[in-house]
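Results of the structural survey
This is what each chain is made of:
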Amino acid sequence: MDSEPTTLLQGILDMLILKSLVVGEMHGLGISRRIQQITRGTFAVKPGSLFPALYGMEEEGWISSFWGESETNRRAKYYHLTKAGRKQLEVETKRWGRISWAIAQALEAS
Amino acid sequence: MPLLEKAQSLLRNLFSSRRVEADLDEEVQSHLEMLVEENLRAGMSLQEARRAARLELGGVDQVKEQVREQRIGNWIHSLAFDCRYGLRQLRKNPGFTAVAVLTLALGIGANTGVFSILDAVLLRPLPYPHAERLVKAGAYDLTSGALYGTTSYPDFVDWCEQNRSFASLAAYEDKTFNLGGTSQPEQVKGEVVSSDFFEALGIQPDKGRSLASARNQQTVVLSYSLWSRSFDSNPNAIGRSITLDGYSYEVVGIMPPGFQFPDSEAELWVLITSLRPDFREEITTRGNLGFSVVGRLKPDVTLPQAQASMAVIAHGLQQQYPDSNRDLGVRLVLLHEDLVGKFRAALLILMGSAGLVLLIACANTSTLLLARAASRHAEIGIRSSLGASRRRIIAQLLTESLLLAAAGGILGTLLAFALMRALVVWAPQDIPGISSAHVDPRMLMFTALISMFAGILFGLAPAWQGSRESLNAALKESGRSGAERSRLSKIMVVTEIALSLVLLTAAGLLGKSLLLLDRVDPGFRTDHLLTIEVYRSMSNGESADAIWSNWTGFYQQLLGRIEALPGVESAGATLALPIQGQTWRTVFNIDGRVFWSLSEQPQADARIVSNNYFEVMKIPLRSGRYFSHRDTKDSPHVAVINETLARRYWPQEDPKGRFIEMSAFGAGRCEIVGVVADIRQANLIDEPASGIYLPYTQEPMPWQTLLVRTKNDPMSLVPLIRGEVAGLDSQQPIARIATLDQLMESSTAQPRFRAALLGGFAGVALLLAAIGVYGMMAYAVSRRTREIGIRIALGARRGNMLKLICGQSMTLTLLGVVLGLAGAFAVTRLMNSLLFGVTSTDPFIFTAVTVLLCGVALLASYIPARRAARVDPIVALRCE
């Protein structure tokens, strides 16, 4: 229902961030490394894209943040998924499924 | 992004951006350090690790900048989306949108219009530099506390010499002049002022110079309007000569166009010291409280400090001049307060009323939105089941309300333009600053603010309620939310009725005051009476006989000629026209009685009149006789008193033949020859005061208002009378030509204006309340069609249905009325100063508005009730 157009790339990044947070709360660097890990190194998210996405998603209410301590006892800002975030992940996943299927079809059709 | 969060995020951006920035700063910093740690763990040297980390991060400031851009872009993007969606929704329901926008426009327009006047009169500073330091100083009676507001010239001179609080002090007094040496002789109002006058106000002439720097004493500064009228705006007017009361003055300066001090009637300013000897005598008398004083406080002196130091000076003068200054204190009032203080109550009440109209408009729009939410609940339910958060839905609904409010605000501004133009023309012109009311950024900002306030106010409850829809409830047609919606709209309607009742009561009280004021018997006949002011210039160094023939002789000759004109019934003259606020209070003694203290000394209002004044004005004689042609300057001095005075000092006897004595006007000892009925002299409101009439044949005065009683339209005689005046003295101007009826009407212009404006607001309120009741009942009936159908099918009579629906609306109406009566009871007390002849709890008005409101509410619910009674059970049961 929510038809706010999200650009494809933005959508992928948001989806990957949401996905990486499914396992639990994480700070920015953790998210970045987690994405690298789950995409087997295909996506290396630079802070220049990561932080704008995080701030935007927090304002959308998909994730929320708090200040905590990192594994090396450093103060770090942690993010975790909200209920709306989980819903959004579902929406994005479905959408991505459709898109990737359509693109695969298109490429095969030639 | 939901509006609430957007607003939160915007607020964060606006108000706590430093905190957000710090947050971001710290986060990016910790990210960088964690990268370094990671690299170190990977075995890099510290330097390498740092370099690699910075490389990956891509610059701390760049990252922060990207975050900022993203947030702002996001915000604007989703706002635009919400607006587009909202506009589409509003376009889909043009009827609803039109009614809501019109309703809001009425409320917002009324507020904007009244605010523009309130702003021009009360809020905007006076047009003088550092006007907040301008203060009026005036004497007051230490024993009674009565404020005279003026002082004597010698006291003013002492204040100037002794005070340390004022940078400058200036005295001024109104004076009428006959202006000559210009295109045509004319009577103008001017001010005699002390030399620092323009310096104290901080305004210098546009052209030429002020009076202070003039070497010549016989100099005059002209107003812009007099200069354009008499000199055709000729810049060479500076240095030219004009005559004032026959004396030559040199024009030294022209004031800028907007300069109006002390009021808009003042058209020229001359030095006190330039006046003839007979006026000088007036200015050397201590105790002659003729002068107003305005002063400019020094920058570091506060009003209380200045007040305290002036009290010391006044105390010194009391000791030094006990005869004249005993009991005289000095009171300082801010000039702004002095000028506009008396309009504050009325303007605030009007502003409050406009505010109530807006509240009612909001309540009305709320009910409309609630009814509409009913038809939208399926849409909202589906949206929420598809994952839209509650905040998201509230935000969307609020965006729609704000769009409505914005449209209402724009239309309201247009309405306010029209209203303001009407108000400025129609409002009594004696309200200072009112003509300067205009559209400006302040006003537009006010409109924008109240529109936004209104949008949130009327949108919040329906949005909150609407967002609670769940898909479940949406699919079940009449869920819990339906009941809640109608409860909310009931609250709105009760509010509307209560607020309307308050407004109606206030308007009713003002209206009744006005009616009573119009019905006051002034004690004389006002119709077919023409009034013309004829001011004879004093002339210097003449004998008493010459003065008599120049003044009274002139008037007698003129009145004789006028009475001979066709269409004239009779013609007389008076020094002080009634109902114009003009009184000449004077103390007198009564032969054979001793008054020990000043406060016991009898006082009365002295009225110098032509010998046939009572006949012309049709004031009845109670005993004795009127003045006659036998009362001449050579016969014994006589006086006629009014009933109030007679009752006060001769309660048991006829005062005819008694003697009174007064020094004012050189009257001396006079025999009372008659008692006449009371008239209202100063104004219509005050009860008649003691009055003494003296014949102008015995007490000549150079300043009379002619009263011509005519058979037909009084104004048609003006050219003939003008000709007679010119025939006697070609240099004699006439002024202030009006019928007494016109003067009476303009004396009630302010109450009329207030009552009309408040009445208009009350009318709008009543209309909106009626629409509110109608809308709510129509909605209720449509929702209950099925239930009503069943009841009718089961044998309920249609009359019962009518009763059921009307009864329901009456219950709400009565609840609103009870609340409104309580509110009105609390609020109308604030209006006491505006009321005349009625108390603020006048039972007639309270009853009348209650009946009126109930009647209108009944009528408004009758139409839906009749529809309910006509429900066809078969159709009703089938329709769902």
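Here's what I pulled together on the structure shown here. (Residues numbered from 1 in each chain as written. Chains lettered and ligands numbered in written order. Predicted model: local features only at pLDDT ≥ 70, side-chain atom pairs only at ≥ 80, totals over all residues.)

Turning to unusual backbone geometry, a few remarks are in order. Leave glycine aside and you will find that most residues have negative phi; peptide bonds, for their part, are mostly trans. Residues and elements named next belong to chain B. Here the amide bond leading from F261 into P262 is cis, since omega sits at 0 degrees, within 30 degrees of zero. Mapping P262 onto the fold places it in the loop between β7 (247-254) and β8 (266-271). Backbone geometry places D232, a non-glycine residue, at a positive phi of 50 degrees. Positionally, D232 belongs in the loop between α8 (224-230) and β6 (241-244). Residue classification places D232 among the exposed residues on the basis of 10 C-beta atoms within 10 Å. With a phi close to 60 degrees, K618 is a non-glycine residue in the positive phi region. With respect to the helices and strands, K618 occurs in the loop between α18 (613-617) and β16 (621-624). (Helix = DSSP H or I, 4+ residues; strand = E, 2+ residues; numbered from the N terminus. Buried ≥ 20, exposed ≤ 12 C-beta atoms within 10 Å, placed from the backbone.)

Residues and elements named next belong to chain B. V193, V220, V357, L503, F761 and A765 are the most contacted members of the largest nonpolar core, which has 169 residues in total. No other element matches the 22 residues that helix α12 (residues 335-385) contributes to this core. A domain split of this core shows at least three residues from each of domain 2 (144-326) and domain 3 (342-519 + 749-878). When sequence neighbours within four positions are dropped, the list of residues in contact with L503 reads S353, L356, F761, A762 and A765. Residues L559, F588, I608 and A646 belong to the second largest nonpolar core, which totals 53 residues. (Core = buried A, V, L, I, M, F, W, Y, C linked by C-beta atoms within 7 Å. Domains from an automatic or database assignment. Contact = placed C-beta atoms within 7 Å.)

What follows is about the sheet that holds strand β3 (residues 75-81) of chain A. All names here are of chain A. The 3 strands are arranged β1-β3-β2 in an open sheet whose pairing can be described as antiparallel. Sheet topology places β1 (26-27) and β2 (63-69) at the edges, where each strand pairs with a single neighbour. Examined bridge by bridge, β1 and β3 share 2 bridges and lie antiparallel to one another. Following the sheet pairing, H27 is matched in β3 by Y78. (Pairing = 2+ DSSP bridges.)

All right, on to the environment of A:H80 then. Residue and element names in this part refer to chain A. Here H80 is to be found in strand β3. Here the alpha-carbon distance between H80 and F66, two residues 14 residues apart in the chain, equals 8.7 Å. Filtering out sequence-adjacent residues up to four positions away, H80 remains in contact with L21, E25, I63 and S64.

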